[in-house]
Amino acid sequence: MFKGKARAYTNIALIKYWGKENQALILPKNNSLSLTLDGFYTETEVLFTEEATKDCFYLDGVKQSEQATKKVTTFLNLVRERANCPFFAVVRSHNHVPTAAGLASSASGLAALAGACNQALGLNLAPKELSKLARRGSGSACRSIFGGFVEWDRGDSDETSYALPIDAQGWEQELAMIFLLINDQPKDVSSREGMQRTVETSAFYPQWVKEAQADLHIAKEAIQHHDFQKLGTVMEANALKMHATTLAAVPPFTYWSPDSLRAMNLVRSIRQAGLFCYFTMDAGPNVKVLCQKKDIAAIFEVLSSTFSDQQMVVAYAGPGIELLEMDVTK
Ligand code: ADP
Ligand code: DP6
Ligand code: CO
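Residues numbered from 1 in each chain as written. Chains lettered and ligands numbered in written order. Predicted model: local features only at pLDDT ≥ 70, side-chain atom pairs only at ≥ 80, totals over all residues. Heavy atoms only, no water.

A separate point is the site of ligand 1. Near ligand 1 lie 20 residues; those nearest to it are Ser 93, Asn 95, Ser 105, Ser 106 and Lys 187. Contact between ligand 1 and Asn 95: a nitrogen atom at 2.9 Å from a side-chain N or O atom of the residue. At a separation of 3.1 Å, an oxygen atom of ligand 1 approaches a polar backbone atom of Gly 102. Starting from 580 Å² of accessible surface for ligand 1 in isolation, the protein chains cover 87%. Sorting the residues of the shell around ligand 1 by element identifies β5 (56-59), α1 (66-83), β7 (88-96) and α2 (105-120) as the ones contributing at least two each. (Near = heavy atom within 4 Å. Polar contact = N/O pair within 3.5 Å; in protein donor to acceptor, adjacent residues only side chain to side chain. Areas by Shrake-Rupley, 256 points an atom, 1.4 Å probe, with all protein chains shown as cover. Helix = DSSP H or I, 4+ residues; strand = E, 2+ residues; numbered from the N terminus.)

If you want to describe how two helices pack, look at the angle between their axes and the distance between the axes. The geometry of helix α5 (residues 205-224) relative to helix α6 (residues 228-247) is characterised by a closest axis approach of 9 Å and an angle of 165° between their N-to-C directions. The orientation of α5 relative to α6 falls into the category roughly antiparallel. The two elements α5 and α6 cross, and the hand of that crossing is left-handed. Of the residues in α6, those touching α5 at Trp 208, Glu 211, Ala 212, Asp 215, Ile 218, Ala 219, Glu 221, Ala 222 and Ile 223 are Lys 230, Leu 231, Val 234, Asn 238, Lys 241, Met 242 and Thr 245. Here the residues of the contact of α5 with α6 are counted per class, giving nine nonpolar, two polar and five charged. (Axes fitted to C-alpha atoms, helices over the stretch in contact; angles between N-to-C directions. Parallel < 35°, antiparallel > 145°, perpendicular 65-115°, else oblique. Left-handed = near helix turned anticlockwise from the far one by under 90°. Contact = heavy atoms within 4.5 Å. Nonpolar A, V, L, I, M, F, W, Y, C, P; charged D, E, K, R; others polar.)

So, about the pairing of strand β4 (residues 32-49). Counting buried positions along β4 yields 14 of 18 residues, so the element is predominantly enclosed. Of the pairings in the sheet, the one linking strand β1 (residues 2-15) to β4 comprises twelve bridges and is antiparallel in character. Opposite Phe 2, over in β4, you have Phe 48 as the bridge partner. Taken together, the four bridges between β4 and strand β8 (residues 149-153) define a ladder with antiparallel strand orientation. Within the sheet, the bridge partner assigned to Leu 33 lies in β8 and is Glu 151. Relative to β7, β4 runs antiparallel, the two sharing nine bridges. Within the sheet, the bridge partner assigned to Thr 49 lies in β7 and is Phe 88. (Buried < 20%, exposed > 50% of the residue type's maximum accessible area, 1.4 Å probe, protein only. Pairing = 2+ DSSP bridges.)

Let us now look at the UniProt feature "domain: Mvd1 C-terminal" (unreviewed entry) in the protein. Residues given the UniProt feature "domain: Mvd1 C-terminal" (unreviewed entry) here are residues 178-312. Helix makes up 55% of residues 178-312 and strand 11%, whereas the separation of the span's terminal C-alpha atoms amounts to 7 Å. (UniProt positions renumbered as here; feature names shortened; annotations may be inferred.)

So, on to α2. With 16 residues, α2 extends 22 Å from end C-alpha to end C-alpha; this agrees with the ideal 22 Å at 1.5 Å per step. Across the 16 residues that make up α2, a large majority, 14, are buried. Count one or two residues on from α2 and you reach Gly 122, which has phi positive near 60°. (Expected span 1.5 Å × (residues − 1).)

Structure (structure tokens):
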């Protein structure tokens, strides 16, 4: 019997990962850059035991269907092969983040699973190796191994595609991200499906890859110089470019809802009033607002004209993956 448990925090990309070069290995088309957050996370424990007759996946205490267990089993097969482990597993996971709503549950979820497996099977993977392993579960998960600002270097093989932290000399501690929760229900088009359809059919896609590389360069310069306006401006523009690609996909689709647009307009008007804040969006209708900690109260006041207190959640820069003690009574 082999047990492991880990906690991983979600990360939100400032420069997005959107499209795969290699689907089986989850190698991306472009580098991406994220901020790991403290407010949303997953805790996962895994138990490999000869008593299990198939893999079982419990999410928030609910046993998941065979279909919903597939991504977990595919990942477990990978680690079983690597560790030469013949046992099925029982996985118990708790998401302190809405699942599949564009709030990066696959990042914290698959990173936590990778960390728990690393511990259970004594793989002893160093963070960079663990990042490569987590990537195989969900691309964005490779960035959740590390805290603060993180860059995922796309590489060109399983060995060379992994994330590493970006040293911002603690500047990330001055920043915050306000989550505007517009809809926390599972989305219609998963990130995986959405980006694949875009790569295969969107006339705008080739331009996205070029833009993302250039935007990443600007974002790294901004971080190096602690230039908030420059970072926010390129983050917002990059998100809009990503979402533009979906409109040209066949069939076309969008993750935006009317309230997403309302939120984006509100952020623009706050900026016009002289308070610096910028939005980004992922594969879902929720809007995230990057700001400086010192401005949170003033920005909150304007946002609360449109959004309720329950819809606004503030998160700060968070840590990398953490190993946890198993509950020995179980
Ligand atoms: P999100 O925007 O939440 O990352 P995705 O479409 O990328 O949405 O991924 C959602 C999928 O990630 C879920 O359907 C599930 O397969 C997987 N997932 C989410 N949380 C967990 C978890 N705690 N453990 C294992 N897999 C998870
Ligand atoms: C829009 O990592 O969820 O949030 O690799 O297929 O599991 P898979 O997709 P996922 O994609 C994230 C897309 C994004 C942008 C980002 O996080 O960089
Ligand atoms: Co995801």
